[in-house]
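A closer look at the structure
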Amino acid sequence: MREPSLKGKSHDIPEQYVWDAWLKVKEKNGAAGPDGVTVEQFEADAENRIYTLWNRMSSGSYFPGPVRAVEIPKKGKKGGVRILGVPNVVDRVAQTVIARVLEPEAERVFHPDSYGYRPGRSQRDALAVCRERCWRYGWVVDLDVKAFFDTVPWDLMLKAVARHTDRRWVLLYVERCLKSPMRKADGTSVERTMGTPQGGPLSPLIANLFLHYGLDAWLAREYPGCPFERYADDVVIHCVSERRAREVRDAVARRLADVGVEAHPDKTRIVYCKDGRRTGEYEHTSFTFLSYTFRARKAWDKRRGRAFTSFLPAASRERVTEFSREIHDKRLHRRTNQTLDSLAADINKEVAGWLAYFTAFYVSEVNPLGNRIDRHLVRWARGKYKRLKRSDRRARAWLKGVRKRDPELFAHWKLLRY
């Protein structure tokens, strides 16, 4: 790495910051941006590329390129697509430099119940806190911010950023990143006037800053008796009564409108956390947060040795069905030219990753997935071995023997009990 010189530079940005940022981008890998340069291609000439980027950022002449529009199917019955914006590799490095400087200052003020994309916090943490609060509070405002990342206003976002830095270059480059056009698949560019595309390292941080002042700090100040969990733009607010929940829902809608975004009129709902202790009926008695559905479920009191009904999270039915279809689409039963070991190698990483998240709470909800994978393996065995072809019972016994001899061969054998 060259020894940097600040002569003639407008901004004091250590070159080591840029190198450290590059190492983070390299670790995460990721797809190429609109310029087509991959992480591997960038690495081949990393020293020159990093020096050039540092030189431009330090002199004020850095302008990020467009971001590549990528359509991601939305989860759920209604479908649709979510547009991600994938920056060029060099721009991901620049954004990581900005985030490195801005994040420590922002972390000092962020609310403890903000969990999204923050160091030392996770979706599982948010779910665990939400579960515990649903036991104590009977009502929930399930808040959906309509198209937040597409509509958030730049002026208020930049104002929030400006509160946490006295470095002109940070604000300068945040603004330039926000204004980067979107490059569509057909090559056309779309100029943007609002929003912060998901897909870059900077977007989650500045979105959190906006929502801290736009929602978190306001809620803590105006409704201190209504705790909440927020993960990015996914929010759950707890209330002691239906009346309070309605008041909070309406007040939050007005607050969001004041800061330039909108509470979704159809998806923002009041939910009654009905369990064995809470009687009465209500239109909504379940909600989904971070792909876990919270509703009344059977639980077991070990101390008293009896079953009871509690309000608990479990993997949402939609996500279980969706992943089950993904496994089905792999057509494992048709791969009779492969060995059982190679089948395991093909699916284990994906299955283990999915189960690691969705077995955090109420594991029995995902146990059927293990049975479904095994059914595919039984069909594979019947197509692979002549002696098993005519007998489903014999093929199942054979697979059971394999599992007994090597219980860690498949990830779902190790992670599920079914």
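Preceding this paragraph is the structure being described.
Structure report, in brief. Quick caveat: nothing in here was measured; it's all calculated off a predicted structure.

Further remarks concern the overall build of the protein chain. A tally of regular secondary structure across the protein chain gives 15 helices and 12 strands. Burial analysis of the protein chain (418 residues in total) assigns 47% to the buried set. When contacts within the protein chain are restricted to residue pairs at least 6 apart in sequence, those whose partners lie at least 24 apart make up 67%. Of the roughly 21800 Å² that the protein chain leaves accessible, carbon and sulfur atoms contribute 47%. With 79 positive and 53 negative side-chain charges, the protein chain shows a spacing of 8 Å between the two charge centroids.

Before going further, it helps to spend a moment on the sheet that holds strand E2 (residues 81–86). Read from one edge of the open sheet, four strands run E2-E1-E4-E5, paired in mixed fashion. Each end of this open sheet is capped by a strand with a single partner; those strands are E2 and strand E5 (189–190). Bridge analysis of strand E1 (residues 67–73) against strand E4 (residues 182–183) gives two bridges, and the strand direction is parallel. Paired with Val67 across the bridge in E4 is Met182.

Now for the sheet that holds strand E11 (residues 292–301). Strand order across the open sheet formed by three strands is E10-E11-E12, with antiparallel pairing between neighbours. With partners counted over all chains shown, the strands left at the sheet margins are strand E10 (287–289) and strand E12 (306–315), one partner each. With direction set aside, neighbouring strand axes in the sheet form an average angle of 55°. One ladder, built from three bridges, connects E10 with E11; its direction is antiparallel. Pairing of Phe287 across the sheet is with Phe294, part of E11.

Packing of helix H11 (residues 317–329) against helix H13 (residues 367–384) brings their axes to within 10 Å, and their N-to-C directions diverge by 10°. In terms of their interaxial angle, H11 and H13 are classed as roughly parallel. Counted together, Phe323, Ser324, Ile327 and His328 of H11 and Leu369, Arg372, Ile373 and His376 of H13 form the full contact between these two elements. A breakdown of the residues in the contact of H11 with H13 according to their chemical character gives four nonpolar, three polar and one charged.

Next up on the list: helix H14 (residues 392–405). The end-to-end C-alpha distance of H14 is 20 Å, a good match for the 20 Å that 14 residues give at a rise of 1.5 Å each. Listing the buried residues of H14 in full gives Ala395, Trp398, Leu399 and Val402. Projected down its long axis, H14 shows its buried positions confined to an angular sector of 95°, all on one face. Facing away from the buried surface of H14 by more than 90 degrees, the exposed residues are Arg393, Lys400 and Lys404. Considering only its buried residues, H14 is in contact with helix H12 (340–358), H13 and helix H15 (411–415).

Quick notes on the rules
- Residues numbered from 1 in each chain as written.
- Predicted model: local features only at pLDDT ≥ 70, side-chain atom pairs only at ≥ 80, totals over all residues.
- Heavy atoms only, no water.
- Helix = DSSP H or I, 4+ residues; strand = E, 2+ residues; numbered from the N terminus.
- Buried < 20%, exposed > 50% of the residue type's maximum accessible area, 1.4 Å probe, protein only.
- Contact = heavy atoms within 4.5 Å.
- Areas by Shrake-Rupley, 256 points an atom, 1.4 Å probe, with all protein chains shown as cover.
- Lys, Arg positive; Asp, Glu negative; His and termini not counted.
- Charge placed at Lys NZ, Arg CZ, Asp CG, Glu CD.
- Pairing = 2+ DSSP bridges.
- Axes fitted to C-alpha atoms, helices over the stretch in contact; angles between N-to-C directions.
- Parallel < 35°, antiparallel > 145°, perpendicular 65-115°, else oblique.
- Nonpolar A, V, L, I, M, F, W, Y, C, P; charged D, E, K, R; others polar.
- Expected span 1.5 Å × (residues − 1).
- Arc of directions from axis to C-beta.

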